[in-house]
Amino acid sequence: MTTSTAFDRLEPRIQRWIWRQGWTTLHDVQERAIATILDGKGDVVIGAATAGGKTEAAFLPIVSAITTEDGNAPSGFEVLAISPLKALINDQARRLEALCDMAGVALHKWHGDVADAAKRKARRQPGGVLIITPESLEALFVLRGVELPRLFAELRFIVVDELHAFLAGERGIQLQSLLHRIEVLTRRRVKRVGLSATLGDMQLAAAALRPSDPAAATILESRSNEAELKLQVRGYQCSSALGPPSDEEADDAPQQLVATRQAIAEHLLKVLRGSSNLVFAGTRQSVEVYSDRLRQMCEDASIPNEFFPHHGSLAKELRHDVEARLRKGRLPTTAVCTTTLELGIDIGDVESIAQLGPPRSIAALRQRLGRSGRREGKPSILRIYIEEEPINAQSSLLSRLRLSTALSVAAVRLLLTGWCEPPPQRALHLSTLLHQILSMIASLGGAHATVLYQTLCATGPFGNISSSLFSQLLRRMGNPEVELVEQAPDGTLLLGREGERVVEHYTFYAVFETPAEYRVVAAGKALGTVPISFPVRPNDLIIFAGRRWEVIELHERQKVVEVKQSRGGMPPKFGGDSAALHDQIVKEMRKVFTSTDLPAYLDAQARALLDEGREAFRMVELDRASIVADGASTLLFPWVGTRRMTTLAMALTAEGLKTRLDDMVIIADHSVEEVKAALAHLSQNVPPAPLSLARQAANKQYDKFDRYLDEELLALSFAASALSTDGLPELAAAMLIETNGTS
DNA sequence: GACCTGCTGCGGCCTG
């Protein structure tokens, strides 16, 4: 440690803690973070891989700074640390305990599972570090508004863990709003430190950390070398003659799909057995199918099972068992999982990653890849498995294009260039703004409209809300049909009847919606939850938690499904929205089709599939045309992402066409000539306003509090978040030119 | 045809 000047600047007790860890050097990013956090005035973003020492990089200097400040017991929290998961708070607290202890700094964890007594104690004697979820912080604002100025009077640092998890979505805006409201009540700017995975442009992380002044942040990225990448894309296209389909699935899935899954499962068993791995299956249903199949195969071969399911609808205990087994690393363990194992939960290093089905987000793919090859000298291993259906002369063009194969190749090409999606463009977030208005009124015991606007919009994170739109929203909230707020004679806004009902319920604090569910219980033990929308009746057979069950009883009132072990069954359908594709990925797919190289990372079957796709692409001259007749309908290939596809389809609808949307294609129930006429009109005119397109869309309720908005507010919200008419005439024109160019 | 996250106060009962 003799060469480290950063080390010398730490408080002696912190230095002693470092010695005690047996560390001989500090990571490069830790060295730089110590200097930057102790010196600088501004914010800091620390970017490093999972387990890259980010937590220590932030907390060594921060704890050092608050110990040296004064010897007296503080009368308020000095550090506010926000984390997106309860499990991460527990991990974090475990890692920081000894450090804080040694430095004489208090450490309080605070989330829904923390005992009431500990929370009361923290409120009575606030000090040191508070680690908390956004929802629990929200609850503090709503329930303890009067105490907050005292609790945060001595605040010196705000740390946001897993900052990248807050980049998109309502939860991120909620967090920005809460942090801003803290600075409003303490009347000073508090230094923010964000800890993030290194994904794409780190300036975007700085903007999420402090939207009002991203330039004030210093960005520190870990310089650690990335591991070598070993990569394979494996194609599967089985006819029904191959593989023994399991009898139970045969009713639901086509025979060849069952055979394909069998072939993929056999390969997974062969290459993954004996080591620890993660298999990202894409959907919870697919997790259930594969983990059940793999367990069955182990049993049939009389070998111990190493394959376990992990997804958000499984009971906490079951998930913890899998995480602990991976972390301990004594037994070979493969988790078949959804995005639940993408975030920084400590599961140690794994040998390889498998991705079932084409990746739809490069950011997520990079995040997954970061889970393997972390040990010195070990490569990252990624296998992508693709299913395509058998084709014949009658098959549709969309099947013959082998879109899953092309998408996988496009994703790998982008992964290798280092590109990844930026977070989606800023939306209006009216649902969360409505929530924050209610929260502020509850917290302050009433507030004037100008204070709300000033705090949340003029200086806060809802900066793209005009004062007239804000008034429109407030009027709606005060509408006698809605009754969220009412106005006192002096103009102060108070909670209305419905407002009180909503705010007083404990479900108020989270800004995201969760569907109603049944709990699944076997012999008194919780297995997890299934959506209410999934029909279950007594005697039904289901696959759940990687095993097979029979439903004994359905307790409708308690929302409990009782099951017992059984044979056979179907996995539940969990539902969900479809994922959006970014422009860049679809653009890259077109390049994959028009180029001729066969990358070495494709196996023989995947090469054959890619060849077939390219052949189909050339046959209909998609390299020169974007509009293809397909029976009575016409297919449009704009080669743009979901957002611009949606906009184009809605613009065509406004031109009087009947259209449907697929991933890569718009299907119009019209002749090529009619489609061309509509495109020509779009290309020659000022694009329609997104709002007027949005007004014709059905089902615009997406977010938790959208149910309180009227049609016009919903249309505004939908237009801002789902549509983009930028370059629409040019897109229409380009599609026509290419098409006409062929004649 | 995708995924994930989170939550308070209080009444009632049991144990030492």
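Refer to the structure presented above.
Cut-off values and rules
Residues numbered from 1 in each chain as written. Chains lettered and ligands numbered in written order. Predicted model: local features only at pLDDT ≥ 70, side-chain atom pairs only at ≥ 80, totals over all residues. Heavy atoms only, no water. Core = buried A, V, L, I, M, F, W, Y, C linked by side-chain atoms within 4.5 Å. Buried < 20%, exposed > 50% of the residue type's maximum accessible area, 1.4 Å probe, protein only. Domains from an automatic or database assignment. Contact = heavy atoms within 4.5 Å. Helix = DSSP H or I, 4+ residues; strand = E, 2+ residues; numbered from the N terminus. Expected span 1.5 Å × (residues − 1). Arc of directions from axis to C-beta. Salt bridge = Lys/Arg side-chain N within 4 Å of Asp/Glu carboxyl O. Axes fitted to C-alpha atoms, helices over the stretch in contact; angles between N-to-C directions. Parallel < 35°, antiparallel > 145°, perpendicular 65-115°, else oblique. Pairing = 2+ DSSP bridges.

A. Quick look at the nonpolar core. Counting residues in each nonpolar core, the largest one holds 52 residues, and the members touching the most others are Val233, Leu278, Leu382, Leu401, Met589, Phe593 and Phe637. Both domains that meet at this core, namely domain 2 (229-417) and domain 5 (621-688 + 725-736), each give it at least three residues. Among residues more than four places away in sequence, those in contact with Leu278 are Leu326, Ala335, Leu341, Ile347, Val350, Ser352, Ile353, Ala354 and Arg371.

B. Highlighting helix 20 (residues 467-478). Taking 1.5 Å of rise per residue, the 12 residues of helix 20 would be expected to cover 16 Å, and the 16 Å separating its terminal C-alpha atoms lies within 8% of that figure. Those residues of helix 20 that fall on the buried side of the exposure criterion are Leu469, Phe470, Leu473, Leu474, Arg476 and Met477. Looking straight down helix 20, one finds its buried side chains confined to an arc of 160°; they lie on one side. Exposed side of helix 20, more than 90 degrees from the buried face: Ser468 and Arg475 are the residues found there. The inward-facing, buried residues of helix 20 contact helix 18 (430-444), helix 19 (449-458), strand 14 (485-487), strand 15 (493-495) and helix 27 (711-722).

C. Expanded view of the pattern of salt bridges. Summed over all chains, the structure comprises 38 salt bridges. Where Glu11 meets Arg13, a salt bridge forms, and the shortest distance between an N and an O atom there is 3.1 Å. For Glu11, a relative accessible area of 10% puts it in the buried group. What makes Arg13 partly exposed here is its relative accessible area of 28%. Each of Arg413, Glu588, Lys591, Asp597 and Arg614 takes part in salt bridges that share partners, so that together they form one network.

D. Quick peek at the packing of helix 24 (residues 642-654) against helix 25 (residues 672-683). Two numbers describe how helix 24 lies on helix 25: the axes approach to 10 Å, and their chain directions differ by 105°. It follows from the interaxial angle that helix 24 and helix 25 lie roughly perpendicular. Contacts between helix 24 and helix 25 pair Leu648, Ala651 and Leu652 from the former with Ala678, Leu679 and Leu682 from the latter.

E. Region of the structure containing the sheet that holds strand 21 (residues 627-630). Strands sit in the order 21-22-24-23 across an open sheet of 4 strands; the sheet is antiparallel. At either end of the open sheet lies a strand with only one pairing partner, and these are strand 21 and strand 23 (659-661). Each strand axis lies, on average, 25° off the axis of its neighbour in the sheet, ignoring direction. Bridge count between strand 23 and strand 24 (residues 666-668): 3 bridges; the pairing is antiparallel. Pairing of Thr659 across the sheet is with Ala668, part of strand 24. Helix-sheet contacts for helix 24 involve strand 22 (633-636), strand 23 and strand 24, and the interaxial angle to strand 23 is about 170°. With respect to the sheet, helix 25 is in contact with strand 21, strand 22 and strand 24, its orientation differing from that of strand 21 by roughly 150°.

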